[in-house]
Structures are given as C-alpha cells and as structure tokens.
Amino acid sequence: MADPRELYQQVILEHNKKPRNFGKIHSCTHQAEGHNPLCGDQLYLTLIVQEGIIEDIQFEGRGCAIDVSSASLMTTAVKGKTVQDALKLIQAFRALVRGEWNPAAHGDLGKLVVFQGVKNLPVRVKCAVLPWATLQSALDGSPIASTE
Amino acid sequence: MTYSVSDIRKDFPLLDRPFHEKPLYYLDSAVSGQMPSSVSERMRQYEMYEHTNVHRGVSTLSQQATDHFEKARDTVARFLKASSSKEIIWTRGTTEAINLVAQTWGRQNIQAGDTICLTEMEHHANIVPWQMLSQSVGAHLAVIPVSDRGELRLDELSKVLSPKTKVLALTHVSNVLGTINPIKKIITEAKKQIPSLMVLVDGAQAVAHLPVDVQDLGADFYTFSGHKLSGPTGIGVLYGRKALLDAMPPWHGGGNMILSVTWDRTTYIEAPGKFEAGTPPIAAAIGLGEAIEYLSKFNPQDVHAHEQHLLRRASEGLKKIPGLRILGESSDKVSVISFVVDGVHPHDLGTLLDHEGIVIRAGHHCAQPLMDRFQVPATTRASIAYYNNESDVDALIQATQKSVEMFHG
Ligand SMILES: Cc1ncc(COP(=O)(O)O)c(C=O)c1O
C-alpha cells in the first residue's frame, strides 16, 4: 500500500488548517448539503450564480482533512468559472480520485492534482468526493447529496 | 497457570502476520475479539466430521450434534451464572437479542404513554430497537445523562425514572468510554423506586473483561455477542429470567419452536426453544462454548491486572501528546481508550495509524448521541485485550505522536 503521507502533502494540510471560502452566503442563489453517512461528515455549500457564472461560493461543515481541503480547493477552483466549466471540473476530479484522469480528455486540474494519491486509499475516496458531489447537487438544483 | 502473554499469543496466528509489510498491532478487540486456534479447530471438526442438524429425530449423528450444541448452552449458563440453561437463548448477537426483547416483551408490556429509560452512552443496538417500539406504540424515551468524566449521572436516576417507566435498558460497559457502570447498585435503586421495572443489560463490552453473575446483578435480561468474546460471528446470547421468558410470546415462527401445528392453531414449546425458530448456527454455538472454555483457563485477576497495566501505560503515553484528550476518565473502566486530538480528525489519524500496522477504530462507534454529548464528530479508539502486549501499546503511542506532529508541523 502506498504511504498515506504522500497524500497528506503541505497543500492539503495547509487548506485543512486554514480553509478558504469558509462560511455561508445568506443571499445565495444555489445551495446543497452533502452527507457521508459512513463517517458522519457533513458539508453545506452556498453559491451565487449569475448569468451562468459562479460569482461566489462558500462552504461550512465538519470533516476530515481530505474532505475539508478538497472543499477549500474546490471553492477556489470554481469561483469565477462558468457553470459549464465547473461541471467539467467535477467530472475531471472524479476521474482523478478513481485513478482514471487523463489531462488530454479531462483537462488541466492545476493544484487539485494533490488529490491523486486518494486513489490508493479506497476507503477515503468518498471523503475527497463529498464536496464535489455536493456542488453537483447544488448546480443541478437538488438540495441533498450523499456519498452512499 | 501463570499468565504469559507471549504463550497466549501463540494461540492467535493473526497476531503474528505481516500487515502492509510491517508487524500487525491489533488494538481493536472492542470491534471484535480475536479467536484462538482451538475455537476455529473445534468448529472445523464439527463441520468436517459432525455436521448435520440439531433436534432432528432418531439419527445418532443428529443426537450427537444436539448434545454438543446443548453442552455449549450449558457452558454459557455457567459463564453467566444463570440458574438454568433454559434461560439461555441463542441469537445472532447482541443486536438481535435486544430486538427480540423489544418485539416480544416490549410489545406485550409497553403501551402508549409509557416510558423506556436508556442512557446517554448506549450503542445504537440499545437505542434503535426501543425507538422503533416506542414510535409504533406511542411510548417515550427517557435518558440518563453522562458526566464530563464519562460516568452515568446517578444523581439524576430517580428524576429520570417515573411511575410510567416500564423498562430500563443500559449497557454494562461503554464501548466508547470504557466506563463500567455499577449495574447492581443501579438495579437495586431503580427497582426500589419501581418494583415492576424490567431491566435489560447490554453486556457486549463487559463479558470479555469482567466476570458476570446475572443473578447477583439482578438483571432481568442480559445480552452479549460471541465475537466480542473470542468466539465466532453470527452467534450471541440472550439471558432472560425464566418467569419472564415463560410469559413472553414467541418472536419468529417456524420449525423447532412448536409443540404442535394444525390449521386452527399452533402451540409452542418452552423457552429457550420457543425463541429459536429454524436451524440455528450450530458450529458457531459450539465455537462460542469452546471460546468460553478457552478463556476459563485464565485467572480473571491476572487478566484484569494485565489489561489495566496496559491501559495505564497507553493512557499515560497518549496524554503526553499535545492537544490530545481522552474521553472517559472513570476510575472504574475497562481497557478501552477513546481520544480526540485538536486539529486532527480521527479519520485522518486512522488512515495514518493503519499504515503503521496499527488496527484501531476511528468513527462514531455506533454511539452518535454520545458523540453529540461530547460535541465531537468521532473519536479514535484503541481497545486492549488479554493477548495484547507492551509493544502494541508503545507502537500506538509512537505512531500517534508521529502523525500528530505531521499535522501540526
Ligand atoms: C455496547 C455494545 N452493544 C451492542 C453491540 C452490538 O453487537 P453486535 O453487532 O454483535 O450485535 C456492540 C458492538 O459493537 C456494543 O459494543
């Protein structure tokens, strides 16, 4: 088994300690809550989407370092992007943690490649995916996402 | 027999296997206790040379299987100090035993407006069956709170109980905090206040650590699971006082539990058969009997002294780690340590410890109301058994220290 220390890189530890975009937008246009019933992680996402562009996004909740840093990096990655690009990024991220990511097909992932190591820790894939599944729900207009 | 952990460990091949190319440190016996080779060999012998069904007519083979199966029941009866083997019912485990009581005794005796009293430290197995029952009959749940040290607030007992309380269902030992509840004292006090009260004790985490005497405790029902007692999975025990079992309706219907069946009406045999419809897990029951025989070789005082020594060593070592807090500080606890570390989620710690070969549990331990009580999402829990040694505990302390440093570094 790969050493999980390779996954817990500085970027992940740092975003876990100081998550970006942590909070709640009161006048949001989109929102969803995500649950990982297996471990009890919970996440609330609020967004402002105007004319197809994610103007603002914030998250709240509690979870492990993988979950929190994934949410934090996700918000920085999609803020200012079009909804279409965000949906593409969700697919790319899912491919990444399953070990199926291919830059030619899925596009560049920037800093998010730090989550590549999750593919070697099958029990933790759901932690990394939870924020992205929740974002998908929020953009689809369904209020609840679950990893089960 | 002198207590030699290095000799005992020879009975457990798993303790000697490599894990992620490292030694394996098994500190998860509260999840499931390891099974000595003699138990798996006994079950293998049954399956290879003795396998058939029990309580099936005149075949000698079936008679012999029945004898072994019933002998295991006698072993359990002696183990719990029950007054008769007729008070021992085989179930799939603690969970099924509690559901059995809720669905039979409960449905017969609990009405709208009645109260079922539980404690804040219960496992979901001793919450959900009662919640399901109370929702369907219109009863209420009342809860004995837990103190910051992780002990039951017995000063609240008389207030939580009321003339409407029909059941007190509580755990003997907390699977999260390790706390040993003073069951005998609680039952005496509660029954003084409400003489007709029925008390069920969840012994899942107690039997591997403490001698149990159900009559001395004054329990009406007592339950445990074989796999937490170095026995196999799929088998557990419900002890019930004979008078209560006789008055209860059956739960599952089918073969083995009947006296006679006609289209008009079925009559049932007495307990325990009345509650054992269908073919039971025979090899597992025989295996559990063998596990109890294996454990009875040890002097309980030696086991206690050994486990408590390791518990102290682990607690003292872990407490030196900055930001680490142990949940459950009762002076009367079994060798189970739950802890949380500031800024480090238990699941991350669990992943890192797993890689070091340390098997522990990170999660809510099927006790979400207790997690809420302590305002933590989850804990990391190490549980120590009679076959653990100082290297297991030292490996835990070192790996925890190293992982926490990585997070805070
Ligand atoms: C206190 C307690 N009660 C009940 C149970 C449920 O046991 P089982 O899953 O074997 O039915 C457990 C097991 O985790 C436990 O620790």
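Residues numbered from 1 in each chain as written. Chains lettered and ligands numbered in written order. Predicted model: local features only at pLDDT ≥ 70, side-chain atom pairs only at ≥ 80, totals over all residues. Heavy atoms only, no water.

1. Overview of the environment of V123(A)
Residue and element names in this part refer to chain A. To keep it simple, the criterion reads: Here a helix means four or more residues in a row that DSSP labels H or I, a strand means two or more in a row labelled E, and each is numbered from the N terminus. Whether a residue is buried, partly exposed or exposed follows from its accessible area with a 1.4 Å probe, protein chains only, as a fraction of its type maximum: under 20%, in between, or over 50%, in that order.
Structurally, V123 can be placed in the loop between α4 (103-106) and α5 (125-140). Judged by its relative accessible area of 70%, V123 falls in the exposed class. C-alpha of V123 to C-alpha of T147: the two residues are 24 residues apart in sequence and 12 Å apart in space.

2. Observations concerning helix α11 (residues 300-319) of chain B
All names here are of chain B. Cut-off, in case you're wondering: Multiplying 1.5 Å by the helix residue count minus one yields the expected span of that helix. Here a residue-residue contact requires only that any non-hydrogen atoms of the pair lie within 4.5 Å. In protein, a polar contact means a hydrogen-donor-capable atom and an acceptor-capable atom, both N or O and within 3.5 Å, with residues adjacent in sequence counting only if both atoms are side-chain atoms; elsewhere, any N or O pair within 3.5 Å suffices.
Its 20 residues give α11 an end-to-end C-alpha distance of 28 Å, which sits within 8% of 28 Å, the value for a rise of 1.5 Å per residue. Every buried residue of α11 is listed here: V303, H306, E307, Q308, L310, L311, A314, S315, G317 and L318. Contacts from the buried residues of α11 go to α1 (5-9), β13 (324-327), β14 (336-341) and α14 (390-408). The residue sitting at the N-terminus of α11 and contributing the capping side-chain oxygen is N299; that oxygen lies 2.9 Å from the backbone nitrogen of Q301.

3. What to know about the sheet that holds strand β1 (residues 30-36) of chain A
Residue and element names in this part refer to chain A. Which entries qualify depends on this criterion: We treat two strands as partners when DSSP finds at least two bridges between them. Axis lines are fitted through C-alpha atoms, for helices just across the contact stretch, and the angle between N-to-C directions can take any value from 0 to 180 degrees.
With mixed pairing, the four strands of this open sheet are ordered in space as β3-β2-β1-β4. Of all the strands in the sheet, just β3 (53-62) and β4 (144-146) have a single pairing partner and so form its edges. Sheet twist, expressed as the average angle between the axes of neighbouring strands with direction ignored, equals 20°. Across seven bridges, the pairing between β1 and strand β2 (residues 41-50) is antiparallel.

4. Some thoughts on the domain arrangement of chain B
All names here are of chain B. Convention followed: Each domain's limits were defined by an automated method or a database of domain assignments. Throughout, the accessible surface (probe 1.4 Å) given up by two parts as they are put together, summed over both, is called the buried area. Whenever a carboxyl oxygen of Asp or Glu lies within 4 Å of a side-chain nitrogen of Lys or Arg, that contact is scored as a salt bridge.
Taken domain by domain, chain B comprises domain 1 (5-30 + 298-408) and domain 2 (41-295). Centre-to-centre separation of domain 1 and domain 2, based on C-alpha positions: 28 Å. Contact with domain 1, which involves 32 residues of that partner, is made by 29 residues of domain 2. Summed over both sides, the interface between domain 1 and domain 2 buries roughly 2600 Å², with carbon and sulfur atoms accounting for 52% of that surface. Looking only at domain 1, the three residues that lose the most surface to domain 2 are V334, L370 and R373, adding up to 23% of its buried area. Put simply, domain 1 and domain 2 have two salt bridges between them. Note that D148 and R373 form a salt bridge whose closest N and O atoms lie 2.7 Å from each other. Viewed at the interface, domain 2 and domain 1 are joined by 19 residue pairs in polar contact (both at pLDDT 80 or more).

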